[in-house]
Amino acid sequence: MGKQRLRGLPASPGVAIGPAWWYRRGELRVTRRTGESPAAERNRLRLAREDSAAELEALIAARRDRLSPEELAIFEAQRLMLDDPDLLARVEEAIERGASAEAAWEEGIAAVAAQLRTLPDPYFQARAADVEDVGRRVLRRLLGVSEALELPDQPAVVLAEDLTPSDTAALDPDRVLAVATVGGGPTSHAAILARRLGIPAVVGVGTALGEVAEGTALVVDGDTGELIVSPSVEERAGAEARRQIWLAERAAAGEAAAEPAVTRDGHRVEVAANVGSLEDARAAVRLGAEGVGLLRTEFLYLDRTTAPDEEEQLAAYRPLLEALQGRPVVVRTLDAGGDKPLPYLPLEPQPNPFLGVRAIRLARRHPELLRVQLRAILRTGYPAVRVMFPMVATVEEIRWLRELFEGVRRELEAVGAELPRDLQAGMMVEIPSAAVLADRFAPWVDFFSIGTNDLAQYALAADRTNPAVAELADAFHPAVLRLIRMVVEAGHAAGRWVGVCGELAGEPLAAPLLVGLGVDELSMAPVAIPAVKAAIRRWTLAEARTLAEQALHLDSASAVRDLVRAAAPPADPRESTG
Ligand code: PEP
Ligand code: MG
């Protein structure tokens, strides 16, 4: 079967990628008559019911920690079904008429399930599957067949016609990446159990699922109900990114991800997210971001033939900011040019794009482009907006930017526009000249945010996009840490807050170093938030300061990493990342 998308009903959230593995339940062959006396058949049935009751009790005991009381109640109800007087009366009557215990039991179960299916409420209809499930349990006992769910040897996506609650409870999340079924509905107990076990599931895909061959690569999206059969490289990468967010969210769920990050001695550090789309903004909030420390706005400008106008930008910013529900948001002005060319602003080819016309250097050549963006950002009226300029190298540049910004602000005030109540303007520190001279930049900004990706590449003269040297551009390098310290000291002396929004901020290992250097805010990919918050909580500020001081006197990035690993206090057992 070639590349294809199938759609079912989303039954349990999460995204998984893996080979298909078919679960096929064996047929239970029932003999109608055994020739035994009714008394003997009744006795066989009693023993089978007792054994089944013991099995269910063992299952309840084994799953007690993982399932909620409501979910355990599914099996409690099945346990009670075994002694249901109406069912037993019907079965005994059939045995009296000469039926075998299994034939009588099968008929009785089928009648109860059929009755449930005629009820108008889908909840009761879905309960029919639970009754059939407990019915099969007893039948297996009567027939002497063991039908423990066989599991794939390697992690796989389990495909099945349908799954019973017993099948689902036996799924091992280490080996079952996801589940997709031909039939079933999202209110079935199998779906409820999959949700509790944290296994993504899509149900009711229909017969097309049957054509997916064993071993075929599959993406299962339990949030949308979509299945991608034989995904392309890009589809796989997209699914992997969504899977990582889901896993991080799941790890965060039981933890204190939404709580602030406070060191053991009570020092609070703001943890924010780097965001480049509406989807990112939503994930940031779910993962416990206290704000956005870097909104990359390039998405508005790339892959198009004309520049986005003011109204179009306003329409793009509004829903994104709304998703952040009043949290402070640092909006970075366009950082294009050089390595990210814009077709509508042709530039001469540049031998060294990273040392060429990029970001605000481009804006200085096209001030109208920046003015339009600033007007759109300010016109959102979002309460806590911080505008941030990328790639500032000289004091002269920041003066020009600040004046342009104030001009736009005045112009909008003059026409009565509703501007952000808490509006700040700051700059990224990505170029060593800005770090070294931070005290001279400070009067022109409300804050500094350190872009360690570029700062490391410029400090170590190693192009971050050139695999031959990219490894050298390591932000753990003591030279980069010293530049960070210079910015923090100059910023704090002038009463400015200082953040870090490069990838370094998302490394749990870097958290104590940055906190120890006095950084006020860390901004990172949303998926990194729970782990970084947990890392901050392991240290005291005093310990982090000592660590940072030691790191500044080492020779290499690897020596810094070793130092942090060796000095890390043990993790708080309440904060295991699950
Ligand atoms: C940085 O340089 O660290 C940064 C955050 O900006 P970007 O990665 O977008 O260049
Ligand atoms: Mg940068």
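What counts and what doesn't
Residues numbered from 1 in each chain as written. Chains lettered and ligands numbered in written order. Predicted model: local features only at pLDDT ≥ 70, side-chain atom pairs only at ≥ 80, totals over all residues. Heavy atoms only, no water. Near = heavy atom within 4 Å. Polar contact = N/O pair within 3.5 Å; in protein donor to acceptor, adjacent residues only side chain to side chain. Areas by Shrake-Rupley, 256 points an atom, 1.4 Å probe, with all protein chains shown as cover. Helix = DSSP H or I, 4+ residues; strand = E, 2+ residues; numbered from the N terminus. Patch = residues over 30% accessible without salt bridge, like charges linked within 9 Å, V, L, I, M, F, W, Y side chains within 5 Å. Salt bridge = Lys/Arg side-chain N within 4 Å of Asp/Glu carboxyl O. Buried < 20%, exposed > 50% of the residue type's maximum accessible area, 1.4 Å probe, protein only. pLDDT = per-residue confidence, 0-100. Contact = heavy atoms within 4.5 Å. Donors = N, O, S within 2.8 Å, 3.2 Å for Na, K, Ca; no water. Pairing = 2+ DSSP bridges. Axes fitted to C-alpha atoms, helices over the stretch in contact; angles between N-to-C directions. Phe/Tyr/Trp six-rings, centres within 6.5 Å; stacked < 30°, edge-to-face > 60°. Core = buried A, V, L, I, M, F, W, Y, C linked by side-chain atoms within 4.5 Å. Domains from an automatic or database assignment. Parallel < 35°, antiparallel > 145°, perpendicular 65-115°, else oblique. Left-handed = near helix turned anticlockwise from the far one by under 90°. Nonpolar A, V, L, I, M, F, W, Y, C, P; charged D, E, K, R; others polar.

This part takes up the site of ligand 1. The immediate surroundings of ligand 1 are formed by 14 residues, with Arg296, Glu430, Gly451, Asn453 and Arg464 found nearest. The separation between an oxygen atom of ligand 1 and a polar side-chain atom of Arg332 is 3.0 Å. The side chain of Arg464 places a nitrogen or oxygen atom 2.8 Å from an oxygen atom of ligand 1. When ligand 1 sits alone it has 280 Å² of accessible area, and the protein chains cover 97% of it. For the shell around ligand 1, the secondary structure elements donating two or more residues are strand E11 (292-296) and helix H16 (452-459). If you tally residues by element for the shell around ligand 1, the top one is H16, at 3 residues.

There is a patch of nonpolar side chains on the surface, built from Leu119, Tyr123 and Phe124 and spanning about 270 Å² of accessible area. Position of Leu119 relative to the elements: it lies in the loop between helix H4 (101-118) and helix H5 (122-143). Residue Leu119 is classed as partly exposed on the basis of its relative accessible area of 34%.

Here the focus is the confidence of the model for the protein. Of the residues in the protein, 96% have a pLDDT of 70 or more, and the chain-wide mean is 90. This model gives residues 573-578 a pLDDT under 50, and the stretch forms 7 contacts once residues within four places in sequence are excluded.

This part is about the coordination of the magnesium ion (ligand 2). Protein ligation of the magnesium ion (ligand 2) involves Glu430 (OE) and Asp454 (OD), the donor distances falling in the range 2.0 Å. Here Glu430 is found in the loop between strand E14 (422-429) and helix H14 (432-436), whereas its partner Asp454 is found in helix H16, with 24 residues between them in sequence.

Ordered by their spatial adjacency, 8 strands build an open sheet running E1-E8-E7-E3-E4-E5-E6-E2, and the pairing between neighbours is mixed. Each edge of the sheet is formed by a strand with only one pairing partner; in this case those strands are strand E1 (4-7) and strand E2 (9-12). When strand polarity is set aside, the average angle formed by the axes of neighbouring strands in this sheet is 30 degrees. Of the pairings in the sheet, the one linking strand E7 (residues 217-221) to strand E8 (residues 226-229) comprises 4 bridges and is antiparallel in character. Among the inter-strand pairings, Asp221 is bridged to a residue of E8, identified as Glu226. Contacts from helix H7 (residues 189-197) reach E2 and strand E6 (201-203) within the one sheet, and its direction differs from that of E2 by about 55 degrees.

To continue, consider the packing of aromatic side chains. Under the definition given, this model contains 1 aromatic pair. With a centroid separation of 4.6 Å and 10 degrees between ring planes, the pair formed by Phe447 and Trp497 is classed as stacked. With Phe447 in strand E15 (residues 447-450) and Trp497 in strand E16 (residues 497-500), this pair connects stretches of sequence that are 50 residues apart.

Counting 101 residues, the largest nonpolar core has Phe389, Phe448, Ile484 and Leu522 as the members making the most contacts within it. If we skip the residues at most four places from it in the chain, Phe448 touches Met427, Val429, Ala438, Phe441, Ala442, Val487, Gly491, Trp497, Val498 and Gly499. Ala11, Ala103, Trp105 and Ala169 belong to the second-largest nonpolar core, a separate cluster that totals 54 residues.

As a further point, take the domain arrangement of the protein. Under the domain assignment, the protein is made up of domain 1 (4-26 + 148-239), domain 2 (38-143) and domain 3 (254-567). Distance from the C-alpha centre of domain 2 to the C-alpha centre of domain 3: 61 Å.

Let's shift gears to the packing of helix H20 (residues 541-551) against helix H21 (residues 557-567). Two elements in contact, H20 and H21, have axes whose closest approach is 10 Å; the angle formed by their N-to-C orientations is 155 degrees. As far as their axial angle goes, H21 and H20 are roughly antiparallel. Once H20 is placed against H21, the crossing between them reads as right-handed. From H20, Leu547, Gln550 and Ala551 reach across to H21, where they touch Val560, Leu563, Val564 and Ala567. Here the residues of the contact of H20 with H21 sort into 6 nonpolar, 1 polar and no charged.

Looking at the secondary structure, you find Ser52 in helix H1 (residues 38-63). A distance of 2.8 Å separates the side chain of Ser52 from the backbone oxygen of Ala48, its partner in a polar contact. Not counting residues up to four positions away in its chain, the partners in contact with Ser52 are Leu82, Arg137, Val138 and Arg141.

The next thing to look at is the side chain of Asp474. Tracing the sequence through the fold places Asp474 in the loop between H16 and helix H17 (478-493). Residue classification places Asp474 among the buried residues on the basis of a relative accessible area of 16%. In terms of polar contacts, Asp474 uses its side chain to reach the side chain of Arg561, at 2.9 Å. Asp474 has contacts with Ala456, Leu460, Val480, Ala557 and Arg561, leaving out every residue within four places of it along the chain.

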